[in-house]
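# Structure at a glance
Each chain, letter by letter, is given below.
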Amino acid sequence: MAKSADILGMNARNLLIKKLNPLRLKRLVDDKLRTKEILTKAHIPNPEVLAVFKNYQDVEKFDFSQLPPSFVLKPNRGLGGEGILVIVGRTKNGWRRQDGTEITLPELKFYIFNILDGNFSKLGVEDIAFIEEKVKLHKSFKKWVKKGVPDIRIISLNMIPIMAMLRLPTEESKGRANLHQGGVAVGIDLAVGVTTGGFWKGRPIKFYPGTKKKLNGFRIPYWDRCLALAAETQRVIELGYMGVDIVIDKEKGPEVLEVNARPGLQIQLANLTPLRKAIKRIEDLHPGTPEKAVRIGKELFGEGIAKEIEATTGRPVLGIIEPVKLVGKKGKTKFIFAKVDT
């Protein structure tokens, strides 16, 4: 059972960030386009930029007919997914948004103008808008997701991955994976990339909302590659403590969607595991390479029993968070989630 002292709170997280993440690097990752330039130069895959709008003139001069049927419009300095517009196809008069509504060319231009005016920027100042390619949903996630694309958040310290979660979009989140907009957080066993249990709206859940589809026991595709991408991204960006959001494209595989210098704390709820204790274990470790960092993370923060079971039986592992059935008075039953001791 985790002690309250082991849980990383907001104040402790802010102190950690202040210590490990210099202001210049925080400003760097707040600039999405600059971050993408660095990732691309380092040959780290990320969604391709299709257009950049720095002012009204750029918008008026741009030939929107050259865009593919689906794409994503983003503010360069947006926060928490605000201002992101996902286009999923063309219509007679324009395009269809992810929520099914239509947007015409004049409306799309007006939306870009709002981004340029800073209506979605972190500081409310003038911003840059850009369009990037839309990630194609990997077939493995179709069992849950009808709209949007899931992402994988990996928290790492000194290149060492210490915790991860899968974020699933829902109908309520309108296809977005952001948790504060209604997405589902699903814990991941670092060692084998298998989901361990879900968390949604402040409570643990067994099934994807509105279905009987289990959230635990799912193996993340390209798991080792995802961990390697997170470690390599931290090596290139040089933040001491960071969150890396990775998407898995149907055709291109894992890509870095975003880098976060101030990752949230809900990942602890998704994994039923505190972050502070994990941080203390490795805060003085500085692996020389991303490969060593990943090995350390898997050994220290993966579930050893899961690796042993897979190695000896070859059978899928259901994970370390399992539903426990409790029988109460008058035959009433309820389910809770318990962490299995290893």
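Now for a description of the structure that goes with this document. (Residues numbered from 1 in each chain as written. Predicted model: local features only at pLDDT ≥ 70, side-chain atom pairs only at ≥ 80, totals over all residues. Heavy atoms only, no water.)

## Side note on the pattern of salt bridges
Oppositely charged side chains can pair when the atoms bearing their charge come close. Evaluation of the coordinates by the stated rule reveals 14 salt bridges. A salt bridge links Lys36 to Glu132; the shortest N-O distance between them is 3.1 Å. Taken as a pair, Lys36 in helix H3 (residues 32–41) and Glu132 in strand E6 (residues 129–133) lie far apart in primary sequence, 96 residues in all. With its nearest N and O atoms 3.9 Å apart, the salt bridge here joins Glu251 to Lys136. With a gap of 115 residues between them, Glu251 in the loop between strand E12 (241–249) and strand E13 (253–260) and Lys136 in the loop between E6 and strand E7 (151–157) connect regions that are remote in the sequence. The class of Glu251 is exposed, set by a relative accessible area of 58%. A single salt-bridge network, built from bridges that share partners, covers Asp151, Arg153, Arg167 and Asp245. (Salt bridge = Lys/Arg side-chain N within 4 Å of Asp/Glu carboxyl O. Helix = DSSP H or I, 4+ residues; strand = E, 2+ residues; numbered from the N terminus. Buried < 20%, exposed > 50% of the residue type's maximum accessible area, 1.4 Å probe, protein only.)

## Concerning the packing of H3 against helix H6 (residues 223–237)
Following both chains from N to C, one finds H3 and H6 inclined at 110°, their axes separated by 10 Å at the closest point. Here H3 is positioned roughly perpendicular relative to H6, judged by the angle of their axes. Touching Thr35, Ile38 and Leu39 of H3 are Thr233, Val236 and Ile237, all from H6. Looking at the contact of H3 with H6, its residues break down into four nonpolar, two polar and no charged. (Axes fitted to C-alpha atoms, helices over the stretch in contact; angles between N-to-C directions. Parallel < 35°, antiparallel > 145°, perpendicular 65-115°, else oblique. Contact = heavy atoms within 4.5 Å. Nonpolar A, V, L, I, M, F, W, Y, C, P; charged D, E, K, R; others polar.)

## A look at the environment of Ile44
The topology assignment puts Ile44 in the loop between H3 and strand E1 (49–53). Its relative accessible area of 3% is what places Ile44 among the buried residues. On a C-alpha basis, the gap between Ile44 and Leu229 in space is 7.2 Å, while along the polypeptide they are 185 residues apart. Residues within four places of Ile44 in sequence aside, it is in contact with Leu39, Leu229, Glu232, Thr233, Val236 and Val256.

Function-wise, these values are silent; they only describe arrangement.
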